[in-house]
Amino acid sequence: YTRRIKEFFIDADTDQSGMLSWDEFERHLKNPKVSAYFASLELDVSHAHRLFKLLDADRSGEVGLDEFLDGCIRLKGQAKSIDVNMLVYETE
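Parameters and conventions
Residues numbered from 1 in each chain as written. Predicted model: local features only at pLDDT ≥ 70, side-chain atom pairs only at ≥ 80, totals over all residues. Heavy atoms only, no water. Buried < 20%, exposed > 50% of the residue type's maximum accessible area, 1.4 Å probe, protein only. Helix = DSSP H or I, 4+ residues; strand = E, 2+ residues; numbered from the N terminus. Arc of directions from axis to C-beta. Contact = heavy atoms within 4.5 Å. Phe/Tyr/Trp six-rings, centres within 6.5 Å; stacked < 30°, edge-to-face > 60°.

Chemist: In this structure, what is going on with helix H2 (residues 22-29)? I would like to understand it.
Modeler: Count 3.6 residues to each turn of an α-helix, and residues three or four apart come out pointing the same way. Along H2, the residues that are buried comprise Glu24, Phe25, His28 and Leu29. Taken around the axis of H2, the buried residues stretch over an arc of 125 degrees, which confines them to a single face. Against the buried residues of H2 lie helix H1 (2-12), strand S1 (19-21), helix H3 (32-40), helix H4 (48-55) and helix H5 (65-75).

Chemist: Would you explain the packing of aromatic side chains in this entry?
Modeler: Tallied over the entire structure, the rule returns seven aromatic pairs. Relative to Phe68, the ring of Phe25 has its centre 6.4 Å away and its plane inclined at 75 degrees; by these criteria the two rings are edge-to-face. On the criterion of sequence distance, the pair formed by Phe25 in helix H2 and Phe68 in helix H5 is long-range, its members being 43 residues apart. Residue Phe25 is classed as buried on the basis of its relative accessible area of 0%. On the accessibility criterion, Phe68 (0% relative accessible area) is buried. Here the aromatic residues Phe8, Phe9, Trp22, Phe25, Phe52 and Phe68 are joined through ring pairs into a cluster of three or more.

Rendered as C-alpha cells:
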C-alpha cells in the first residue's frame, strides 16, 4: 500500500521539489487513470480539495512525502472517514 502511495506522490510531484502543491495534486487527479488508481487505494477523491487539506497536516499549502503517506493511511477506507476527519479539521 505505501509503495503505491509513494509512486502516486512521485508522479504527481512534477517539479520534483519533494513537496506536492494543490495544483500538482489537482492536475494529477484529472487523469482518469490516476483518479481510478487513487480510488483503488481506497481514498475518496470526489472532494479532492478537502482531501488535500486533510493531507496538509501543517497547513503549509504543500504536502511532503511523510505527510502524504501518513494522511493517506489515516484516511484509507470509506468516504465517511474523510468526512469525520474534515469535521475535526474544521473545528481546530
